[in-house]
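# Commentary on secondary and tertiary structure
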Amino acid sequence: MIIELERGRQATLDQIRDLAVRFGNRVELSEGTGVYDTVHIIGDSREFASRESYILGLPGVRAAWQPTGGYKNIARVVRGNEGKALHRERRVVEVKGLDGKARRFGGGNGKHIFVCGPDSPQTLEQTLATARMAREVGEKFGILDRVMLRGGAFKPRTRPTDWRGLGMKGIAIMDAAREETGLPYVTEVMDHNLVEQIGAHADMLQIGTRNAQNFDLLESVGRFGKPVILKRGFGNEAEEWFYSAEYIANQGNLDIVLCERGMKTLYTKGGYCRNQPDLNACTHARKQTILPIIFDPSHVAGDHRIVAENLMAACGHLVDGSITETVHTEAWRREQLCDAGQALVMDQYSILVEAVLEYENHVAPRMKTILRMLGTD
């Protein structure tokens, strides 16, 4: 539920918060540009909304919306029962690093967040080398507050005999990389029983494409409350993707970053890509939800030689960031035990980052002008 409240009405805000807590909801206050602020009731707000008459009678409350539709917490445009529409601001998801800097996904600020690193941490030396190079990229271009690490310690694999990661030993390696470089990291969680254990270490959790509709896992991550990257299921329609995000939000966690990573289709059988990129889904997600949207150029490519083209294409859809698999040297590729072919060497990744920044500074503003003219920004 969403409530418009006159600024300075602390007593009313306290009453709203007390009622929300009573029904298991979380409250967020967003300051408006005028005299009214917006109060967001996050989670399953049906019980709270049943007290709408009481809420509307509180001093300073101008309006209240109980959004219709299937993903009420994350919808960009919500309508109350009377039909009045409210256009919500895009959300910022913040991930803080040991270096004291906050990585801020989304909010329409036009600043691309760069998440890079090994498909999985195999050795301390390999992971530290990649992390150091990632930090160097951030320092070189003055964007250290926009660089994060990735690394999958737990690997979901199609074949049960394939290498499945180091588990908590891999998490310890990622911890060491964060300790040395100050960069926060995101890692995948596959089992709802491991959310608390992994979440006690990682700065951000990832739900992979194979678990995009693992509802116990989605709800566990929602209850835990740390920021999360939610990849789209490789066979999911966009609406199903949004409903998966709503499972997380319904537990009180709106710090969700959507990630498009390509679809399995008949057209991938020709061998020119691993998954079919659905870039229109990025634009659709930006229009339909308040959540940040990032792109995975590695899994749509399956081949490091076409990762750069895929990432630059996604920039045209104004994504809020990217998550890219990288290796520290070309020689390491033959040592990598998972997805070696789609990892970009860090020296090449540095050039790609520069290209994205050039796009961001010189082309993206013109794209935004066109979108404003079309009324689709």
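Please refer to the structure higher up on the page.
Residues numbered from 1 in each chain as written. Predicted model: local features only at pLDDT ≥ 70, side-chain atom pairs only at ≥ 80, totals over all residues. Heavy atoms only, no water.

## A few points about the packing of helix H7 (residues 215–224) against helix H8 (residues 238–249)
In plain terms, the rule: Axes here refer to lines fitted to C-alpha atoms; in helices the fit is confined to the stretch in contact. Angles between the N-to-C directions go from 0 to 180 degrees. For helices the rule is a DSSP run of H or I covering at least 4 residues; for strands it is a run of E covering at least 2, with both sets numbered from the N terminus onward. Convention used here: angles under 35 degrees read as roughly parallel, angles over 145 as roughly antiparallel, angles from 65 to 115 as roughly perpendicular, and any remaining angle as oblique. We call two residues contacting when some pair of their heavy atoms lies within 4.5 Å. Nonpolar residues are Ala, Val, Leu, Ile, Met, Phe, Trp, Tyr, Cys and Pro. Charged residues are Asp, Glu, Lys and Arg, and all others, Gly as well, are polar.
Direction vectors running N to C along H7 and H8 enclose 45°, while the axes themselves pass 7 Å from each other. In terms of orientation, H7 and H8 fall into the oblique class. Across from Phe215, Leu218, Glu219 and Gly222 in H7, the residues of H8 making contact are Ser244, Tyr247 and Ile248. The residue inventory of the contact of H7 with H8, partitioned by class, reads four nonpolar, two polar and one charged.

## Here we look at the pairing of strand E8 (residues 102–106)
Put simply, the rule reads: For two strands to be treated as a pair, DSSP must find at least two bridges joining them.
Bridging between strand E7 (residues 92–96) and E8 involves five bridges; their strand directions are antiparallel. Residue Val93 lies in a different strand from E8, and its bridge partner there is Phe105.

## Describing the packing of aromatic side chains
Definition in use: To pair, rings of Phe, Tyr and Trp, with the six-membered ring standing in for Trp, must have centres within 6.5 Å; the planes then decide the type, stacked if under 30 degrees apart, edge-to-face if over 60, and tilted in the middle. A simple rule labels every residue: compare its accessible area, found with a 1.4 Å probe on the protein chains alone, to the largest value its type can have, and call it buried under 20%, exposed over 50%, or partly exposed in between. To sit over a ring, a charge needs its Lys NZ or Arg CZ within 6 Å of the ring centre and within 35 degrees of the ring normal.
Under the criterion given, the structure shown has four aromatic pairs. Measuring from ring centre to ring centre gives 5.7 Å for Tyr71 and Tyr243, while their planes differ by 65°; the resulting arrangement is edge-to-face. Residue Tyr71 is found in the loop between strand E4 (61–65) and strand E5 (77–79), and its partner Tyr243 is found in helix H8; the two are separated by 172 residues along the sequence. For Tyr71, a relative accessible area of 11% puts it in the buried group. Look at Phe215 and Tyr247: their rings are 4.3 Å apart centre to centre, the planes differ by 20°, and that puts the pair in the stacked class. Of this pair, Phe215 sits in helix H7 while Tyr247 sits in helix H8, placing them 32 residues apart in sequence. Site record: aromatic cluster; members linked through ring pairs are Tyr71, Trp241, Phe242 and Tyr243. Over the face of the ring belonging to Tyr36 we find Arg62, whose NZ or CZ atom lies 4.0 Å from the ring centre.

## Overview of unusual backbone geometry
Phi is positive for Leu318, which is not a glycine, with a value near 55°. Looking at where Leu318 falls in the secondary structure, it is placed in the loop between helix H11 (307–315) and strand E16 (321–327). At Asp339, a position not held by glycine, the phi torsion is positive, near 55°. Mapped onto the elements, Asp339 comes out in the loop between E16 and strand E17 (344–345).

## Section: empty space enclosed by the protein
One simple way to see leftover space: roll a probe sized like a water molecule over the atoms. Stated formally: A pocket here means an open set of points on a 1 Å grid, computed over the protein atoms alone, that has protein on both sides within 12 Å along at least five of seven lines. A cavity is instead a set of points where a 1.4 Å probe fits but cannot get out; residues with an atom within 4 Å of a point line either one. Grid points are joined across faces, edges and corners, and a volume is the space filled by probe spheres set on the points.
Taken as a whole, this structure holds one cavity of 30 Å³ or more when the rule is applied. No other element matches the three residues that strand E3 (residues 36–42) contributes to the lining of the largest cavity. Class assignment for the residues of the lining of the largest cavity results in six nonpolar, two polar and two charged.

## Some thoughts on the nonpolar core
Note the threshold: Throughout, nonpolar core names a set of buried Ala, Val, Leu, Ile, Met, Phe, Trp, Tyr and Cys residues whose side chains join them through atoms within 4.5 Å.
Within the largest apolar cluster, 73 residues are counted, with the highest numbers of intra-cluster contacts made by Leu230, Ile256 and Leu258. For this core, the element with the most residues is helix H12 (residues 346–362), which contributes seven residues. Contact partners of Ile256, with chain neighbours within four places excluded, come to Val93, Val228, Leu230, Ala245, Ile248, Ala249, Leu291 and Pro292. Counting residues in each nonpolar core, the second largest holds 16 residues, with Ile3, Leu13, Val39 and Ala49 among its members.

## Let's talk about the pattern of salt bridges
Operational definition: Any carboxyl oxygen of Asp or Glu that lies within 4 Å of a side-chain nitrogen of Lys or Arg is treated as forming a salt bridge with it.
Following the criterion strictly, the structure yields 27 salt bridges and no others. Of the charged contacts in the structure, one is a salt bridge between Asp37 and Arg7, with a shortest N-O distance of 2.8 Å. Of this pair, Asp37 sits in strand E3 while Arg7 sits in the loop between strand E1 (2–6) and helix H1 (10–22); the two residues are 30 residues apart in sequence, bridging distant segments of the chain. Taking the shortest distance from any N to any O, the salt bridge between Asp44 and Arg46 comes out at 2.6 Å. In this structure Asp44 comes out as partly exposed when scored by relative accessible area, which is 30%. Within the structure, one salt-bridge network assembled from shared partners comprises Arg26, Glu28, Arg91 and Asp255.

## Some words on the side chain of Asn253
Using the following cut-off: Between N or O atoms, a polar contact is any pair within 3.5 Å; within protein, one atom must be a potential hydrogen donor and the other a potential acceptor, and residues adjacent in sequence are included only when both atoms are from side chains.
Inspection of the secondary structure assignment puts Asn253 in the loop between H8 and strand E14 (256–260). Here the side chain of Asn253 touches Lys226 through a polar contact of 3.0 Å, landing on its backbone oxygen. A distance of 2.9 Å separates a polar side-chain atom of Asn253 from the backbone nitrogen of Asp255.

## Concerning helix H4 (residues 124–140)
Just so we agree on the cut-off: In this analysis, the expected span of each helix is defined as 1.5 Å times one less than the number of residues it contains.
Under the 1.5 Å per step criterion, the end-to-end length of H4 is 24 Å for 17 residues, consistent within 8% with the ideal 24 Å. Looking only at H4, the buried set comprises Gln126, Thr127, Leu128, Ala129, Thr130, Ala131, Met133, Ala134, Val137 and Gly138. Those residues of H4 hidden inside the fold are in contact with strand E9 (113–117), strand E10 (147–150), helix H5 (168–181), E16 and H12. A positive phi of about 65° marks Gly142, the residue just after H4.

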